[in-house]
Amino acid sequence: MKSTTVRRVTLSIALVSALTGVAACNSSDSSGGSGKDDKAVHKGTTHVSPVAALRSAEKSTDSADSAKVESTTTMGTLMSMKADGVMGWADGLTGNLTITYTGGTMADTMRQTGSTSMQARYLPDAYYARMSDKFAQQAGGKHWIRYGYDDLAKLGGGSGAYLKDQMQNTTPNQSVKLLLASGDVRKVGEETVRGEQATHYSGTVDVADLATKNSSLSAGQLADLKKQLTQAGVSTEQIDIWVNGDDLLVKKVEKGELSTGTMSSTAYYSDYGVKVSAEEPPAGDTADFKDLMQQQGATGGTSS
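Residues numbered from 1 in each chain as written. Predicted model: local features only at pLDDT ≥ 70, side-chain atom pairs only at ≥ 80, totals over all residues. Heavy atoms only, no water.

(A) Highlighting the overall build of the chain. Looking only at helices and strands, one finds nine helices and twelve strands in the chain. Contacts in the chain between residues at least 24 apart in sequence constitute 65% of all its contacts with a sequence separation of at least 6. Carbon and sulfur atoms provide 47% of the accessible area of the chain, an area that totals close to 12,900 Å². (Helix = DSSP H or I, 4+ residues; strand = E, 2+ residues; numbered from the N terminus. Contact = heavy atoms within 4.5 Å. Areas by Shrake-Rupley, 256 points an atom, 1.4 Å probe, with all protein chains shown as cover.)

If you want it as structure tokens, here you go:
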């Protein structure tokens, strides 16, 4: 594969990393807390319906504003990856993640750029990816790529608008909203997550039936969720979450069929309320995704 082709593909990979990393906030196998929560989880959920318990979890998780994140994601033969770092959602999505590709065709492509891992920074108006030294040699010596959300919306049409929305609005409580939207939420039972007692809830989201399910979400919320899932190529999603005694999301596993194959995602959360600090990289070491794509002639569909 020619270096220009590798660079163009890598630009897209870095963008996929951004969305998949953000999905950790949505698709999360999370943990955080102490032994004192064990009693609280039994006390708080024994006489509460699954819907009421999840509504409380949605509110509490959203109000926590930030958390440490560990996640793993697999998307068929396309990729498998892991991410860890801190994410905040008090005023738009912000945070820092280290993303590492562990398998799939994307990992093979990343190896050609000199590294299978990258740093990711999320700010309210843009996402930044730090690439390898080898990639920088092909990008005017600049290591960071900036993906402006407004630019993504313009470049990608409907899918770009979806990317922008996901980048700016994805928060952990969205996972709980999806489960509420399934209309068939059920309590599985009490389980232990990384040494912490939690309550397990489960449900399946069918995009075709999402708007007509007898769910606990408003018609507007259901319509928005259906649109996002449809744009992502999702037909069905199996969602399992675990909630601790503080009504915080402590575990979630998400599995679904995409237009590109089977997807599964798991993430762990800890230290809710942790301080999050994300700054723009130095301007002199940053290239803009839009400019790089135009230089490649990608907007015209040319290849090298």
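From this point, things continue past the structure.
(B) Molecular detail of the pairing of strand β7 (residues 186-193). Judged from the seven bridges that link them, β7 and strand β8 (residues 196-206) form a sheet pairing that is antiparallel. Each residue of the ladder has a partner; that of valine 193, found in β8, is glutamate 196. Following β7, the chain reverses through two residues before pairing antiparallel with β8; arginine 194 in that reversal takes a positive phi of roughly 50°. (Pairing = 2+ DSSP bridges.)

(C) Expanded view of the pattern of salt bridges. Tallying each qualifying case throughout the model produces eight salt bridges. With a closest N to O distance of 3.2 Å, lysine 68 and aspartate 271 form a salt bridge. Of this pair, lysine 68 sits in strand β1 (residues 66-75) while aspartate 271 is found in the loop between β11 (261-270) and β12 (286-288), placing the two residues 203 residues apart along the sequence. Judged by its relative accessible area of 35%, lysine 68 is partly exposed. Classification of aspartate 271 by relative accessible area gives partly exposed; the value is 40%. As a salt-bridge pair, arginine 111 and aspartate 108 come within 2.7 Å of each other at their nearest N and O atoms. Of this pair, arginine 111 and aspartate 108 are both found in helix α4 (residues 105-111), three residues apart, which corresponds to roughly one turn of the helix. (Salt bridge = Lys/Arg side-chain N within 4 Å of Asp/Glu carboxyl O. Buried < 20%, exposed > 50% of the residue type's maximum accessible area, 1.4 Å probe, protein only.)

(D) Looking closely at the packing of aromatic side chains. Applying the stated criterion across every chain, the model contains four aromatic pairs. Ring centres of tyrosine 269 and tyrosine 272 lie 6.3 Å apart, and the angle between their planes is 10°; this geometry places the pair in the stacked category. Overall, the relative accessible area of 18% leaves tyrosine 272 in the buried class. Through a chain of ring-to-ring contacts, the aromatic side chains of Tyr122, Tyr127, Tyr147 and Phe289 assemble into a single cluster. One Lys or Arg, arginine 194, reaches over the ring of tyrosine 268 and ends 3.3 Å from the middle of that ring. (Phe/Tyr/Trp six-rings, centres within 6.5 Å; stacked < 30°, edge-to-face > 60°. Lys NZ or Arg CZ within 6 Å of the ring centre and 35° of its normal.)

(E) A look at the side chain of serine 80. The topology assignment puts serine 80 in strand β2 (residues 79-88). On the basis of relative accessibility, which here comes to 16%, the residue serine 80 falls in the buried class. Looking at serine 80, its side chain comes within polar contact range of the main-chain nitrogen of glycine 103, at 3.0 Å. If we ignore the near neighbours within four places in the chain, the residues touching serine 80 are Thr73, Thr74, Thr100, Tyr101, Thr102 and Gly103. (Polar contact = N/O pair within 3.5 Å; in protein donor to acceptor, adjacent residues only side chain to side chain.)

(F) Here's a closer look at helix α7 (residues 173-181). The buried count for α7 comes to nine of nine residues, which makes it a mostly enclosed element. Every buried residue of α7 is accounted for by Asn173, Gln174, Ser175, Val176, Lys177, Leu178, Leu179, Leu180 and Ala181. Note on α7: the residue one or two positions beyond its end, glycine 183, has a positive phi of about 80°.

(G) Main features of the sheet that holds β12. Across the sheet, twelve strands lie side by side as β7-β8-β9-β10-β11-β1-β2-β3-β4-β5-β6-β12; this open sheet has mixed pairing. The open sheet terminates on both sides in strands that have one partner only, identified here as β7 and β12. Across this sheet, the average inter-strand angle for adjacent strands is 20°, counted without regard to direction. Pairing of strand β4 (residues 117-123) with strand β5 (residues 126-130), which is carried by five bridges, proceeds in the antiparallel orientation. Along β5, the bridge assignment pairs tyrosine 122 with tyrosine 127. (Axes fitted to C-alpha atoms, helices over the stretch in contact; angles between N-to-C directions.)

(H) Geometry of the environment of serine 182. Along the chain, the position of serine 182 falls in the loop between α7 and β7. On a C-alpha basis, the gap between serine 182 and threonine 204 in space is 5.7 Å, while along the polypeptide they are 22 residues apart.

(I) The arrangement of the nonpolar core in detail. Membership of the largest hydrophobic core comes to 52 residues, with the highest contact counts inside it found for Leu54, Ile99, Tyr122, Tyr127, Ile241 and Tyr272. The next biggest cluster of nonpolar side chains, apart from the first, holds five residues, and it includes Ala198, Trp242, Val250 and Val253. (Core = buried A, V, L, I, M, F, W, Y, C linked by side-chain atoms within 4.5 Å.)

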